[in-house]
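Each chain, letter by letter, is given below.
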Amino acid sequence: MGTLLIHGADCLVTMDQDRREISGGGLFARDGVIEAVGTRDVLPAEADELLDLTGHVVIPGLINTHHHFYQNLTRAVPAAQDALLFGWLQTLYPIWSRMGPDDIHVSTQVALAELALSGCTCSSDHLYIFPNGARLDDEIDAAKETGVRLHATRGAMSVGESKGGLPPDFLVEDEAHILDDSLRAIQAHHDPEPGAMIRVAVAPCSPFSVSRELMRDAAILARDQGVMMHTHLAENDDDIAYSEATFGCRPGQYAEDVGWTGQDVWHAHCVKLDAGEIDLFARSRTGVAHCPCSNMRLGSGIAPVRAMLDAGVNVGIGVDGSASNDGANLLSEARQAMLLQRVNLGADSLSAREALEMATLGGARVLRRDDLGSLDVGKRADFAAYDLASIQMSGTWDPVAALALCGPPQASHTVVEGRFVVRNGCMTTIDLPIVLEHHRERTQQLIS
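Per-chain numbering applies: the sequence of each chain, read as written, is numbered from 1 onward. Restriction of local features to residues with pLDDT of at least 70 applies here, the model being predicted, together with a cutoff of 80 or more for giving and counting side-chain atom pairs; totals for whole chains, interfaces and linings are based on all residues. Here the side-chain values reflect all heavy atoms present in the structure, with hydrogen atoms and water set aside.

S.K.: I'm lost on the overall build of the protein chain in this one. Help?
M.R.: A run of H or I in DSSP counts as a helix once it spans at least four residues, and a run of E counts as a strand once it spans at least two, with each numbered from the N terminus. Looking only at helices and strands, the protein chain features 15 helices and 19 strands. We take the radius of gyration over the C-alpha atoms and set the globule estimate at 2.2 Å times the residue count to the 0.38 power. In terms of overall size, the protein chain behaves like a compact globule, its C-alpha atoms giving a radius of gyration of 21 Å where 448 residues would be expected to give roughly 22 Å. Residue burial is assigned from relative accessible area. The probe radius is 1.4 Å, only protein chains are included, and a residue is buried under 20% of its type maximum, exposed over 50%, and partly exposed in between. Within the span of the protein chain, comprising 448 residues, buried residues form 63% of the whole. Between two residues, a contact is recorded if the distance between any of their heavy atoms is within 4.5 Å. Long-range pairs, those at least 24 residues apart, make up 74% of the contacts in the protein chain with a sequence separation of at least 6.

S.K.: Which parts of the structure should I look at to understand the packing of helix H12 (residues 330-345) against helix H13 (residues 352-366)?
M.R.: What describes two packed helices is the angle between their axes and the distance between those same axes. Lines fitted to C-alpha atoms define the axes here, with helix axes fitted over just the stretch in contact, and angles between the N-to-C directions of these axes take values from 0 to 180 degrees. It is at 9 Å that the axes of H12 and H13 come closest, and there the two elements cross at 130 degrees. By the angle class used here, H12 and H13 are oblique. Crossing handedness for the pair H12 and H13: right-handed. Within the contact between the two elements, H12 uses Leu330, Leu331, Ala334, Ala337, Met338 and Arg342 and H13 uses Ala352, Ala355, Leu356, Met358 and Ala359. When residue character is reported, Ala, Val, Leu, Ile, Met, Phe, Trp, Tyr, Cys and Pro are called nonpolar, Asp, Glu, Lys and Arg charged, and the others, Gly included, polar. Partitioned by chemical class, the residues of the contact of H12 with H13 number 10 nonpolar, no polar and 1 charged. Working definition: roughly parallel below 35 degrees, roughly antiparallel above 145 degrees, roughly perpendicular at 65 to 115 degrees, and oblique for all remaining angles. Put simply, a crossing is left-handed when the front helix is turned counterclockwise from the back one by less than a right angle, and right-handed when it is turned clockwise.

S.K.: In this structure, what is going on with unusual backbone geometry? I would like to understand it.
M.R.: Trans is the common state for peptide bonds, and a negative phi is the common state for residues other than glycine. At the junction of Gly407 and Pro408, the peptide bond is cis and its omega measures out at 5 degrees in the coordinates. Here Pro408 lies in the loop between helix H14 (399-405) and strand E17 (413-416). Residue Arg19 is not a glycine yet carries a positive backbone phi of 50 degrees. When you line up the elements, Arg19 lands in the loop between strand E2 (11-13) and strand E3 (21-22). Phi at Asp320 is positive, roughly 65 degrees, even though this residue is not glycine.

S.K.: Before we go on, may I ask you to explain helix H2 (residues 101-117) in this structure?
M.R.: Each α-helix winds once per 3.6 residues, and so residues spaced three or four apart point in a common direction. Multiplying one less than the number of residues by 1.5 Å gives the expected span of a helix. Taking 1.5 Å of rise per residue, the 17 residues of H2 would be expected to cover 24 Å, and the 25 Å separating its terminal C-alpha atoms lies within 8% of that figure. Most of H2 sits inside the fold, with 14 of its 17 residues counted as buried. Residue Gly119 follows H2 closely and has a positive phi angle near 105 degrees.

S.K.: When you look at the pairing of strand E14 (residues 287-290) in this model, what are you seeing that I'm missing?
M.R.: In summary, the side chains of a regular strand alternate between the two faces of the sheet. The alternating pattern of E14 places Gly287 and Ala289 and Val288 and His290 on opposite faces, both of which are buried. Note: strand E13 (residues 265-269) against E14, 3 bridges, orientation parallel. Note that in E14 the partner of Trp266 across the bridge is Gly287. Convention used here: a crossover is right-handed provided that the path from the first strand, over the helix, to the second strand proceeds clockwise when the strands point away from the viewer. With helix H8 (residues 275-284) bridging E13 and its parallel neighbour E14, the resulting β-α-β unit is right-handed. Whether two strands pair depends on DSSP finding at least two bridges between them.

S.K.: What am I meant to see in the nonpolar core here?
M.R.: Among soluble globular proteins, nonpolar side chains are generally buried collectively. To qualify as a nonpolar core, a set must consist of buried Ala, Val, Leu, Ile, Met, Phe, Trp, Tyr and Cys residues joined through side-chain atoms within 4.5 Å. Counting residues in hydrophobic clusters, the biggest one holds 120 residues, and the most contacted among them are Trp88 and Trp96. When residues of this core are assigned to their parent elements, the largest contribution, 9 residues, is made by H2. Discounting residues that sit within four places of it in the chain, Trp88 has contacts with Gln71, Ala80, Ala83, Trp96, Arg297, Leu298, Ala323 and Ser324. Residues Ile6, Leu27, Val58 and Val415 belong to the second largest nonpolar core, which totals 18 residues.

S.K.: Is there a simple way to explain the sheet that holds strand E19 (residues 426-427) in this structure?
M.R.: Strand-to-strand pairing in sheets goes through backbone hydrogen bonds, with the strands running parallel or antiparallel. If you walk across this open sheet you meet the 7 strands as E3-E2-E7-E16-E17-E18-E19, and the pairing is mixed. Of all the strands in the sheet, just E3 and E19 have a single pairing partner and so form its edges. Examined bridge by bridge, strand E7 (residues 56-60) and strand E16 (residues 383-387) share 5 bridges and lie antiparallel to one another. Each residue of the ladder has a partner; that of Pro60, found in E16, is Phe383.

S.K.: What exactly am I supposed to notice about the pattern of salt bridges here?
M.R.: Two side chains with opposite charge may pair up if their charged atoms get near one another. The term salt bridge refers to a pairing of a side-chain nitrogen on Lys or Arg with a carboxyl oxygen on Asp or Glu at a separation within 4 Å. One pass over the structure, following the stated rule, counts 26 salt bridges. We note a salt bridge from Arg19 to Glu357, for which the minimum N-O separation is 2.9 Å. Of this pair, Arg19 sits in the loop between E2 and E3 while Glu357 sits in helix H13; the two residues are 338 residues apart in sequence, bridging distant segments of the chain. Exposure remark for Glu357: the relative accessible area of 23% places this residue in the partly exposed category.

S.K.: Is there a simple way to think about the packing of helix H4 (residues 175-189) against helix H5 (residues 212-225) in this case?
M.R.: Two elements in contact, H4 and H5, have axes whose closest approach is 11 Å; the angle formed by their N-to-C orientations is 20 degrees. Classified by the angle between their axes, H4 and H5 sit roughly parallel to one another. Handedness of the crossing formed by H4 with H5: right-handed. Residue-level inspection shows Glu175, Ile178, Leu179, Ser182, Leu183, Ile186 and Gln187 of H4 in contact with H5, the latter providing Leu214, Asp217, Ala218, Leu221 and Gln225.

S.K.: How do you make sense of helix H3 (residues 136-146) when you look at a structure like this?
M.R.: The element H3 is extensively covered by neighbouring structure, given that 8 of its 11 residues are classed as buried. Buried residues of H3: Leu136, Asp137, Asp138, Glu139, Ile140, Ala142, Ala143 and Thr146, and no others. Just downstream of H3 lies Gly147, where phi reads positive at about 85 degrees.

S.K.: Explanation requested: the state of the cysteines in the structure shown.
M.R.: Two cysteines joined by a covalent bond between their sulfur atoms form a disulfide. Disulfides are defined as pairs of cysteine sulfur atoms found within 2.5 Å of each other. Tallying each qualifying case throughout the model produces 0 disulfides. In this model Cys11 remains outside any disulfide bridge; the closest cysteine sulfur is found in Cys406, 14 Å from its own. Counting only cysteine sulfurs, Cys120 is the nearest neighbor of Cys122, a cysteine outside any disulfide, at a range of 6.8 Å.

S.K.: Can you walk me through the pairing of E7 in this structure?
M.R.: Burial analysis of E7 places 5 of its 5 residues in the buried class, the great majority of the element. Note: E2 against E7, 2 bridges, orientation parallel. When the sheet's bridge partners are listed, Cys11 is paired in E7 with Val57.

S.K.: Where do I start with the packing of aromatic side chains in this structure?
M.R.: How two aromatic rings sit relative to each other is set out by the distance from centre to centre and by the angle between their planes. Any pair of Phe, Tyr and Trp rings, taking the six-membered ring for Trp, is counted once the centres come within 6.5 Å. Such a pair is stacked with planes under 30 degrees apart, edge-to-face with planes over 60 apart, and tilted for the rest. The final tally for this structure, using the stated rule, is 8 aromatic pairs. Considering the side-chain rings of Phe86 and Phe208, the 4.8 Å spacing of their centres and the 55 degrees angle between planes classify their relative orientation as tilted. Placement of the pair is Phe86 in helix H1 (residues 85-96) and Phe208 in the loop between strand E11 (198-204) and H5, with a sequence separation of 122 residues. Given a relative accessible area of 5%, Phe208 falls into the buried group. Between the aromatic rings of Tyr242 and Phe247, the centroid separation amounts to 6.1 Å while the plane-to-plane angle is 75 degrees, which identifies the pairing as edge-to-face. Of the two residues, Tyr242 and Phe247, both sit in the buried class.

As far as function goes, none of this settles anything; it's purely spatial.
Below, the structure is given as structure tokens:
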């Protein structure tokens, strides 16, 4: 793989233990691992690849903790534009049921390219529908082509409408098959080693689409295989009402009862967690993927992020599926996370730097990636650089805060494992215009 040297950045944001921000900063990496961080005088003189980042701010690669890649084929569907969560899902389920392996593949390419262009170097994805022969392998293959790290979660729905669940029966799977295929995907693709490009997690969709037994069995399987667990939880008032009516308790208690709390678990949304549930998550080290744009788009509410952070909960940022967010810019998501807390609690409730930390180091903690999230010796060489001469950043006095307060800008360069995925604002790993043409064709097929 060779060596990489970047230098001269107006500001290099390390997110290290001391939260250093280095003027004239840079780093040196060998075979995808950082060996030195600092100003030019402490870095090696030469490398296989050199990049002068004068006029740029550099940050650790952004980490996306929740998404549904396949949904970018159903952006701005008219009948779903003004619906709340349950109605939104019921509108889109029949459309999603017409997808197949090709749709999963191309939507993954587009999602990861959109994320990479915003500076994202690692993303999770929650794929919980497998119609017409689609498999988790379809998105894993696409991720390998784009060069962005992927935490692929084998989602599932098993309780259809006929059994009191939300999804239609034609989209649910047999629970024995779900567990068997989850094990197959883990054994075929999961890499537990530092620097892993692909990891697999177990991810029943939600408490209102799978049985209590599947939640428990999935937790047993995940812990036996040493992989993480992910699901949706406490997303809106309907979610709380369903949990209380069906399980006789709030979502946090239900999660604990079925083995879904702990440092190997992260939940999406958690908009409606109460004080007791926040304390439970803090004590158990359960992670949260905060998805502010999706929560606003669906009218779900404002997640108690400030309270979570103050309690010590690990909180990362997620863009969520494009059908509920309609965009996948992780810097924009961090900005919205900051603004939502300010709307609710005041202008000093969440700073720009705290929002950026959630989108980098926070995401790494949620996904248990000790090798990512900061620019420090021994960490992987994952970073994004933003041009201070861009129109979004022009006139800024504080280039770090500006990443959340302004624009946000697109990344000039996005580097994963020391390799350029985005260079000079363009994807280097895939032919994006060709991919987008294919993506439009698949969208038209779904429409027609």
